[in-house]
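# Structural characterization, general
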Amino acid sequence: MVKNKENSEDLEFWATNSEEGGWNIASTDEGSQKMNEEESDQQLKIQTGSDVVDDYFVEEETSEDERMIVNMGPQHPSTHGVLRLQVELEGEAVRRVKPVIGYLHTGMEKTGEELTYLQGPTNTTRMDYLSPFFNELVFSLTTEKLLDIEVPARAQTIRILMTELNRVSSHLVALATGGMDIGALSMMIFGFRERELILNFFEKTTGLRMNHNYIRPGGVAADLPDDWQKDVKEILKVIPEKLKDYDEMLLDNPIWQGRLQNVGILTTEECLAYGITGPSIRAAGYGWDLRKMQPYSGIEKFDFNVPVLQESDVFARWRIKVLEILESLKIVEQAMNSMPKGPYKIQDKKVTPPPRKRLDESMEALIHHFKIYTEGFKVPEGEAYVAVESPRGELGCYIVSDGSSKPYRMHVRGPSFCNLQALPVVMADSPIADAVAAIASLDPVIGDVDR
Amino acid sequence: MMETQQVEVNEYHEHIKTLFDDGYEMMVDLTAVDWFRKKEPRFEVVVNLLSLSKNERKMIKVNIDDETLSIPSITDIYPGANFYEREVYDMFGIIFENHPELTRILMPDDWIGHPLRKDYGSGRIPVQFKNAPKVD
């Protein structure tokens, strides 16, 4: 039997006063994670979301007696993972919010310091599991910047093709789960159905539906499969049709509009203060997109628009995702038509292992292959920060190299991590029923938050 | 495209304030590097600022004094630094002065050690359970 010697005399230690003992009270004490009834002024400002601008207020007749602190999550379907929120309610209205994170923390940055640069994408791809290609891309771009190499044109275009398809699939999940949270259950089934098309193409190309480890430093792991144009054409044909269906179902739907318009306002000022980028800042009227402003991987050659909306509410954040899917499909089409011929890996023997068929005929190739996969390649000393536009905002990677074949420090700036800081802003002073819609509109992925 | 600046700890807060007034509206990233036995002083805080209006980035580096391990917080300038500073405190044990709530963010409250320090081994650390009663 489990007993705590020091406290076994102390009856108050146990929740029940029976001799058998009960649940250890101390083990449920939450320390600093707890939302207290009394907080410091600054903390109150943060939790009520009025730290930057105090802009939104629902007038509702409530009394102090109706105040209570409740817990939402970590096991809650609408928190999109293991996010936990402590919420102070006053009747139906949310007054204060405190996000508690760390339930999915697996120490990926620490792991990243122990993997070689070639193994790195295997690790980073698991961070934001809905947009794995972006994680691989940002890690590879940072490594390539440190190595001072440029990948061949075909590899660049494959990267753009895959990442933009990934943006579509990621936004489709955001639309689907967002719809489910609000009660549009058909949206949930539709979104996942269309995403399946894209995932099938990913599986055909990379071998896996998620966590592909396809984009690697020096290029991509494999060439596109035979007949890949057929699959991409299918995607390009089906998804716009289905998007029209969504619009028919939701765009002019008075219930959908009533539920989402003027809910969860996140202004440009707040976006800037909290470091929020991506669809949220574009829905707040600021047309900031890294693909246009600081292009990567040759995306400046493609012709596309950056949709910007002014409303800065949940409806705008939902709408902008639909518009971005259409723009991404434009890029995919151009990438498909302009796919250059040539190698898909850099022809630099230091970085790229010899092709498989050379291993059977050449001893040197075998040694070379063995060296690259066991020791890895050495990266010159230095540091680099590269950012790409992931479906949730700026995804950055900061690598410090000490000249060995493993990163000395690898840090990933996940967009969901800082987007979560805006939860009090979008949730506070609105009815509890709108809180769920507000969380869904920020589209947090907990794997990206906790890393 | 990205400029790196080295700043002293006592000038750090003021420097960030000037940059903020200079049009660097957004703090995109704040992290730290542990130069254990490689450099003196040991810890370096790295701040990444972004100016959307000028389309520029700036990287600020600050060396932390080994004795005090503290640096002023910039949450009063960039509210978004809140989570990042808590993360650095959690992972490296660097103390941010005047932070509204400097507590652990990813690890449990009563965790012993700071995981991203170089002298914190990985794979050999026993799992710590919160307030677990000892088994006789």
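Here, the structure is the one placed above.
What comes next is a walk through the structure. (Residues numbered from 1 in each chain as written. Chains lettered and ligands numbered in written order. Predicted model: local features only at pLDDT ≥ 70, side-chain atom pairs only at ≥ 80, totals over all residues.)

## Here's the deal with the interface of chain B and chain A
- In this assembly, 33 residues from chain B lie in contact with 40 residues from chain A.
- Breaking the side of chain B that touches chain A down by element, the ones donating at least two residues are strand 2 (26–34) and helix 2 (81–92) of chain B.
- Per element, the largest residue contribution to the side of chain B that touches chain A is 6 residues, and it comes from strand 2 of chain B.
- Taken together, the residues that form the side of chain B that touches chain A break down as 18 nonpolar, 8 polar and 7 charged. (Contact = placed C-beta atoms within 7 Å. Helix = DSSP H or I, 4+ residues; strand = E, 2+ residues; numbered from the N terminus. Nonpolar A, V, L, I, M, F, W, Y, C, P; charged D, E, K, R; others polar.)

## Describing the sheet that holds strand 2 (residues 84–90) of chain A
All names here are of chain A.
- The strand order across the open sheet built from 4 strands is 1-2-3-9, with neighbouring strands paired in antiparallel fashion. Each of the sheet's edge strands pairs with one partner strand only, and the pair in question is strand 1 (67–72) and strand 9 (430–431).
- When strand 2 meets strand 3 (residues 93–100), the two strands line up antiparallel, connected through 7 bridges. Residue arginine 84 lies in a different strand from strand 3, and its bridge partner there is valine 100. (Pairing = 2+ DSSP bridges.)

## Considering the packing of helix 6 (residues 153–182) of chain A against helix 7 (residues 185–206) of chain A
All names here are of chain A.
- Between helix 6 and helix 7, the least distance of the axes is 7 Å, while the angle of their chain directions is 160 degrees. Taken as axis vectors, helix 6 and helix 7 run roughly antiparallel relative to one another. Crossing of helix 6 over helix 7 shows left-handed handedness. Seen from helix 6, the contacting residues are Leu165, Val168, Ser169, Leu172, Val173, Leu175, Ala176, Thr177, Gly179 and Met180; seen from helix 7, they are Leu185, Met187, Met188, Phe190, Gly191, Phe192, Glu194, Arg195, Ile198, Leu199 and Phe201.
- The residue makeup of the contact of helix 6 with helix 7, split by class, is 15 nonpolar, 4 polar and 2 charged. (Axes fitted to C-alpha atoms, helices over the stretch in contact; angles between N-to-C directions. Parallel < 35°, antiparallel > 145°, perpendicular 65-115°, else oblique. Left-handed = near helix turned anticlockwise from the far one by under 90°.)

## Comments concerning the nonpolar core
- Formed by 144 residues in total, the largest nonpolar core has its most connected members in A:Val138, A:Leu423, B:Val45, B:Val88 and B:Ile94.
- Top element by residues in this core is helix 6 of chain A. It accounts for 13 residues.
- Apart from the residues lying within four places of it in its own chain, the contact partners of B:Val88 are B:Leu30, B:Thr31, B:Ala32, B:Val45 and B:Ile94. (Core = buried A, V, L, I, M, F, W, Y, C linked by C-beta atoms within 7 Å. Buried ≥ 20, exposed ≤ 12 C-beta atoms within 10 Å, placed from the backbone.)

## Thoughts on unusual backbone geometry
- A cis amide bond links B:Glu40 to the next residue, B:Pro41, at an omega of -10 degrees.
- Take B:Pro41: it is sitting in the loop between strand 2 and strand 3 (43–51).
- A positive phi angle is found at A:Ser312, which is not glycine, with a value near 55 degrees.
- Tracing the chain through its elements places A:Ser312 in the loop between helix 12 (290–293) and helix 13 (314–337).
- Residue class for A:Ser312 comes out buried when judged on the 25 C-beta atoms lying within 10 Å of it.
- The backbone of B:Leu69 sits at a positive phi, close to 55 degrees, despite the residue not being glycine.
- Here B:Leu69 shows up in the loop between strand 4 (56–64) and strand 5 (70–72).

## A few points about the pairing of strand 4 of chain B
Residues and elements named next belong to chain B.
- One ladder, built from 6 bridges, connects strand 1 (residues 2–7) with strand 4; its direction is parallel. Across the sheet, threonine 4 pairs through a bridge with methionine 59, a residue of strand 4.
- Pairing analysis gives 9 bridges linking strand 3 to strand 4, with the strands arranged antiparallel. Counted as the bridge partner of leucine 49 is lysine 58 from strand 4.

Any functional reading would require information that these geometric values do not contain.
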